[in-house]
Amino acid sequence: MKKRTFTDRYLKIFRAVVLGLILSTTGTGAVWAADMSHGADNFYKSDKVDVQKVTFKNQYKMNIAGNLYLPKNMDQKQKHAAIIVGHPMGAVKEQSADLYAAKMAERGFVTLSVDLAFWGGSDGQPRNAVAPDIYAETFSAAADYLGTSSFADRDRIGVIGICGSGSFAISAAKIDPRLKAVTTVSMYDMGAANRNGLNHSLTLAQRKQIIAEAAEQRYVEFQGGAAKYTSGTVHEINEDSSPIEREFYDFYRTPRGEFTPAGSSPLLTTHPTLSSNTKFMNFYPFNDIETISPRPLLFITGDQAHSKEFSEDAYKRAAEPKELYYVAGAGHVDLYDRVELIPFDKIESFFKANLK
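Values in this document were obtained by computation on a predicted structure and should not be read as measured data.

S.K.: What is the right way to look at the overall build of the protein chain in this model?
M.R.: When you go through the protein chain residue by residue, the secondary structure sums to 11 helices and eight strands. Projected onto the principal axes, the alpha-carbon positions of the protein chain cover approximately 65 × 45 × 40 Å. Within the protein chain, the proportion of its 356 residues that are buried is 55%. A separation threshold of at least 6 residues defines the contact pool for the protein chain, and within that pool the share at least 24 residues apart is 74%. On the protein chain, roughly 16100 Å² of surface is accessible, and the fraction owed to carbon and sulfur atoms is 53%. Taken together, the 41 basic and 41 acidic charged side chains of the protein chain have centroids lying 4 Å from each other.

S.K.: Explanation requested: the packing of aromatic side chains in the structure shown.
M.R.: Given two aromatic rings, their pairing is described by the distance between the two centres and the angle made by the two planes. All told, the structure shown has 14 aromatic pairs when counted by the stated rule. Where Y252 meets Y336, the ring centres are 6.3 Å apart and the plane angle is 70°; that geometry is what we call edge-to-face. Here the residue Y252 occupies a position in helix 7 (residues 243-252), and Y336 occupies one in helix 10 (residues 334-337), the gap between them amounting to 84 residues. There is no split in this pair, since Y252 and Y336 are both buried. Pairwise contacts between aromatic rings join Y135, F168, F280 and F283 into one cluster. Seen from the ring of Y315, K322 lies directly overhead, with NZ or CZ sitting 4.5 Å from the centre.

S.K.: Is there a simple way to think about the sheet that holds strand 6 (residues 179-185) in this case?
M.R.: As a general point, the strands of a sheet are linked pairwise by backbone hydrogen bonds and lie either parallel or antiparallel. Ordered in space as 1-2-4-3-5-6-7-8, the eight strands form an open sheet in which the pairing is mixed. This sheet does not close on itself; its edge strands, each paired only once, are strand 1 (49-57) and strand 8 (322-327). Adjacent strand axes in the sheet meet at a mean angle of 20° when their direction is disregarded. With four bridges connecting them, strand 6 and strand 7 (residues 297-302) associate as parallel partners. Pairing of T184 across the sheet is with F299, part of strand 7. Across the face of the sheet, helix 9 (residues 308-317) comes into contact with strand 7 and strand 8 while running at roughly 160° to strand 8.

Reading guide: rules and limits
- Residues numbered from 1 in each chain as written.
- Predicted model: local features only at pLDDT ≥ 70, side-chain atom pairs only at ≥ 80, totals over all residues.
- Heavy atoms only, no water.
- Helix = DSSP H or I, 4+ residues; strand = E, 2+ residues; numbered from the N terminus.
- Buried < 20%, exposed > 50% of the residue type's maximum accessible area, 1.4 Å probe, protein only.
- Contact = heavy atoms within 4.5 Å.
- Areas by Shrake-Rupley, 256 points an atom, 1.4 Å probe, with all protein chains shown as cover.
- Lys, Arg positive; Asp, Glu negative; His and termini not counted.
- Charge placed at Lys NZ, Arg CZ, Asp CG, Glu CD.
- Phe/Tyr/Trp six-rings, centres within 6.5 Å; stacked < 30°, edge-to-face > 60°.
- Lys NZ or Arg CZ within 6 Å of the ring centre and 35° of its normal.
- Pairing = 2+ DSSP bridges.
- Axes fitted to C-alpha atoms, helices over the stretch in contact; angles between N-to-C directions.

Set out below in structure tokens:
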């Protein structure tokens, strides 16, 4: 029997998606009802803030796309505290980051949601490539933009990193003292998650198999072959789907949070390229995290989140001032968009205390 490779499993998923699209156009097939409980409102629009699309360069002269949120009637002749918001890994700013940016702008902050390089409206080829250092650079580039504006105080810039962006924000803060306060929400350490799996479930042999398949794929792409994609959110669920697959599916594959950037395809959203994804295995964002001190860190996680091990690990390693905050009854994806669970009051008080 032929052994199925890591890549084969995802090609099967893509074929299933095509079938699903056919079924949807013929009126057959089941429709998954999104779970909109606890005020799920990913595409929230506020009448209390003004929003404008902005573009700025990172240090590598790549264009970074962002949405700038300014409180209505804000005195733009004054300098204000500002917050950069990074989206979950594999997502774009329209998924979770815009919601956080809008809500914090309502509370008086200048906020900027950004697309990480290689994702959404930001530059980077090939699309969906993994480059952790350049992801982290996105936060420093956002600080460049805000710190040279007429309305943001360069000495009062904070960061909210959601899911994978939590680890990229920490990576940035270690070498960029302009990021004065960092909050992570449902953080994934993308390095540890790829090296070890959740709860260290990935064996060394499995890791080496993944690395070998990615290396072989480099030959294909070097010779002009098509890119292949990995991980991300499944495109169908069934009775055998795991709780984690269902959790992500409910956000990324239903109207609750589904979003396809211009020029992309639903087949590719959330999926990094196979040949680049192993870059995460050399990514150690929590090494030297204690050097961020005395700048404060707030780690927010659901007490039911499958990812809470990463926030707990970061908190253990970090130096004071630091805080680990559990949201009762919340899972990982719950904190992407469920406004009745997201502790906006806690986040507001953290930044008002530390960006003054």
